[in-house]
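# A look at the structure
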Amino acid sequence: MSGLLGVRLLLLWGSACLWLPSQARGALVISSPHETLQGTRGAVRSLQKRSTIEATVEVHSVKVDCTVTSRFAHTVMTSKALNKANSAQEIFFEVELPKTAFISNFSMEIEGQLYVGEVKEKEKAKKQYEKAVSSGQTAGLVKASGRKMEKFSVSVNIAAKSNVTFILTYEELLQRKLGQYEILTRVKPKQPVQEFQIVTNIYEPQGISYVDTHATFLSNDLLPLVEKTVTDKKAHISFSPTIEQQRKCPGCDETVIDGDFIIKYDVNRAKSLGDIQIVNGYFVHFFAPPNLPRVPKNVAFVIDRSGSMSGTKMHQTRQALTTILQDLHEDDHFALILFDSSVISWQESLIKATKENVAEATVYVQKITDRGATDINSAVLRAVDMLVNDRQEKKLPERSIDMVILLTDGMPNVGVSSLPQIQENVRSAIGGNMSLFCLGFGNDVDYSFLDVMSKQNKGVARRIFEGSDATLQLEGFYEEVSSPLLTEVDLRYPDNTVELLTTNHFNQLFNGSEIVVAGRLIDNNLDNFMVEAFGQGFEEDFIVQGQASAVDWDVIYPDEEYIFGDFTERLWAYLTIQQLLENSKIGVADEKDATAKALDMSLHYSFVTPLTSMLVTRPETEDGTDSPLIADKLTEEQRQQAERMAHQYDLQVYTRSYLAAPAYFVDGDPHFMIELPDREDALCFNINDKPGTIFNLVRDPNSGILVNGQIIGDKKIPPDGKINTYFWRFGIVHQTLGVRLEVDTQVISVFQDGKRFKLLWSDSASLKGPNVDLLLTKDRSLTVTLKDSVKFVILLHKVWKKHPYHRDYLGFYTLDSHLLSPSVHGLLGQFYHGIEYEVTDLRPGEVPEKPDATMFVKGRELNVTRGWQRDFRNDVKNGENVPCWFIHSNGTGLLDGNEADYIVSGLFKTV
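To start, this report covers the structure provided alongside it.

## Comments concerning the pairing of strand S35 (residues 663-667)
The buried fraction of S35 is high, at five of five residues. Alternating positions in S35 separate into two faces, Ala 663, Phe 665 and Asp 667 on one and Tyr 664 and Val 666 on the other, with burial throughout. Looking at chain direction, S35 and strand S36 (residues 671-676) are connected through five bridges and run antiparallel. Looking at S36, one finds that Phe 665 is bridged to Met 673. In this antiparallel pair of consecutive strands, S35 and S36, the connection spans three residues, and Gly 668 shows a positive phi of 90 degrees. Where S35 meets strand S48 (residues 809-816), three bridges bridge the pair, whose relative direction is antiparallel. By the bridge assignment, Phe 665 is partnered in S48 with Tyr 813.

What follows is the structure, given as structure tokens:
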């Protein structure tokens, strides 16, 4: 593979694609912006004529084949390609699959030789992979891809005139939401494909009530190509455009197919008991009785209005709440509780959702504004207390459901900030008597914290993704939980008949959803047993019982070659693993025991879950060694982290695009840097002084701005005898605004209006006040924006705790200083209004790659050296080398006076 150019042709099909590199002189590279930044940064992009590609690679066929049997979907994706070139080609296979699915098989067939993936315990697979791949080369990976999907990609080197077939299988239980099931196939081909086919067969013995098929890319020309045949208990959908029908224009390589292919359907629900399938000794029970009256609800909306909710988030929240309030039923009760560093209730108790009350609440919602910090603990406890008190005082209907809906976008940073303590406080206060639903807005929220807290209290958590449709996401979630039908639902089966049941008690059943229970029959030949269902309804208890009987699939589907006869067992395994993982996470079961059971089942059924990985050994590479691939299952926390990283890459692109203004910073041992983009140049110098010294960096007497920094030395003298010093503490004052900050490597202390509060670097927070905004990215950076004044960023550099010499330290960067007065000064401040200099007489220096030169600056002639320092704004770990002219002797000649003139006696002193 080392001889390849390393550029790729991306060919996406259904929810899968092939990357086919060419060894020709040019290549066509197609990738997303994030992929470019992360994987192919710096790659040269060029174009190659279609005929060259056709001469080397032929994509023979691609197919997505999905079989749904009683809501359990089994999807096989197959791609076949031929390398027609006279030399080896590296082909990349990539698919997008639903994040709720488990991969159960992956294989590659190359020239009749089959390479099959093996599911192993994650740690064992990792060790085996690391042992085989000591060079750290890229493995087959699963990455987050949008809100609903994740991307699986592998590559293989194909010899000349050889072909390869990739086969990926994944399985999932379709969840009913808002009265329907959804099968989503992502279709993003970058050019027409020779044979392209999506085929879906749905088998539902309960009877199919409707099937709807659409795609975001379907035109009038393509619409007739979607074939749909629906009978009572079966639906067949296929989409198979020819290569010419895929083209955007005759003879061109662009395709009109780009988007999502979506199938939605539901089943008949005539029985109150639900539908029960018995196959091969396992059963599954689907419970969603029809025509039940809704149960009134008492809901306390707890809304974060901290500074980080400013702008679009707050606007979208107001919009969503306005719509949600209109959807309340008159027999519902509701409360509005707002929180930042304090908690404010619209009313002292819940009120009935009359038209008049809803209208008043809507006016109140429109006036919500952002401010302050984030006290989640006090806000949720206020809501719980309100519901408990109103229930005790009999202000609420006896047969009604109590729920709290929390919306937040950040981490708690005032009041109780320990996440486990908040969870314990909330669980203790609720006592199992109400449901808590948590909505996490954006990427900065700790979703795992909200997820656990919700599930501990009969609720669920949902991520609300930042975007133009955030309002619709909020409204959609509320719609899912707005119409409770039953509470405390129990589905019971004879103890002497069934075993290994999945969860059979449910806190509530909402309109449009479905309860699913699966288990194993003790007698494998048993074909019927009694079932009982209990629940609390609106006016009376729901009680129904009946006989579950096996159906003969050969009779229902006489013309089908049924290939998925063990679906009940695999559905049971899928559901059991999901529930074991959830229970261990929230403390319902013994974590070790639940994890061990989930792992055993994942291995037995060959599911790639968060506990397992799939290893595939590729054929020999050019260096004669076998190379493994590894596929993992992402957790929601890993998905969120990936999105944060992608967001950081977005910010890097944005930052690099707007780096036209000069930048002034100090970072490292302590190295000072003045970047001058208009000259495409930079100046730098170092300050050597004893640890403990405090330097003035910025001082503007007109506005009252002061920034001082204190240096710290290594733990002990290194072998070379040189003690490095770094900034470890900064004091920032704005006297006019009444703001004072003290930032060290552990804590950030903010003083304003006689109040003091602390943040830890281990937090993520966004605080917006009248005079100062703070944005804290966990263990990375603190952005300080002083109103109508200046913007700073402080970076945290964490060092290995057991490092024999070095310590954690800070870097200080000025982002915006144009509003400071002409009298601003300090080690950095004196350069805010520019510096004039001239460099001549370039000559060899002591080090060949670092030439010397003569600089004329401030009427002085200095000997300077061309070197570089590191800018850590985009990469806090490794930094980015920035070429600069280094001024020797602590900046003598460049600075006004000498370094001693900038030493002060205290962190907030001017002298």
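The rest of the description comes next.
## Overview of the packing of helix H9 (residues 447-455) against helix H12 (residues 567-586)
Running from N to C, H9 and H12 cross one another at 95 degrees; their axes reach a closest spacing of 9 Å. Taken together, the axes of H9 and H12 lie roughly perpendicular to each other. For the pair formed by H9 and H12, the contact residues are Ser 448, Asp 451, Val 452 and Lys 455 on the first element and Glu 582, Lys 585 and Ile 586 on the second. A class-by-class count of the residues in the contact of H9 with H12 yields two nonpolar, one polar and four charged.

## Some words on the environment of Arg 247
Its location among the elements puts Arg 247 in the loop between helix H4 (243-246) and strand S17 (259-267). Arg 247 sits 54 residues away from Val 193 along the chain, and the two C-alpha atoms are 9.3 Å apart. A distance of 3.1 Å separates a polar atom in the side chain of Arg 247 from a polar atom in the side chain of Glu 244. Among the polar contacts made by the side chain of Arg 247, one reaches the main-chain carbonyl oxygen of Cys 252 at a distance of 2.9 Å.

## Side note on the packing of helix H7 (residues 376-392) against helix H8 (residues 419-430)
Running from amino to carboxyl end, H7 crosses H8 at an angle of 5 degrees, the nearest separation of the two axes being 10 Å. By the angle between their directions, the pair H7 and H8 is classed as roughly parallel. Packed against H7, whose contacting residues are Asn 377, Val 380, Leu 381 and Val 384, the element H8 presents Ile 422, Asn 425, Val 426, Ala 429 and Ile 430 at the interface. A class-by-class count of the residues in the contact of H7 with H8 yields seven nonpolar, two polar and no charged.

## Observations concerning the packing of aromatic side chains
Following the criterion strictly, the structure yields 33 aromatic pairs and no others. Joined through ring pairs, the aromatic side chains of Phe 672, Phe 685, Phe 695, Phe 727, Phe 730, Phe 792, Phe 812 and Phe 831 make up one cluster. The ring of Trp 868 has Lys 850 sitting right over it, with the charged end atom 5.3 Å from the ring centre.

What counts as what
Residues numbered from 1 in each chain as written. Predicted model: local features only at pLDDT ≥ 70, side-chain atom pairs only at ≥ 80, totals over all residues. Heavy atoms only, no water. Buried < 20%, exposed > 50% of the residue type's maximum accessible area, 1.4 Å probe, protein only. Helix = DSSP H or I, 4+ residues; strand = E, 2+ residues; numbered from the N terminus. Pairing = 2+ DSSP bridges. Axes fitted to C-alpha atoms, helices over the stretch in contact; angles between N-to-C directions. Parallel < 35°, antiparallel > 145°, perpendicular 65-115°, else oblique. Contact = heavy atoms within 4.5 Å. Nonpolar A, V, L, I, M, F, W, Y, C, P; charged D, E, K, R; others polar. Polar contact = N/O pair within 3.5 Å; in protein donor to acceptor, adjacent residues only side chain to side chain. Phe/Tyr/Trp six-rings, centres within 6.5 Å; stacked < 30°, edge-to-face > 60°. Lys NZ or Arg CZ within 6 Å of the ring centre and 35° of its normal.

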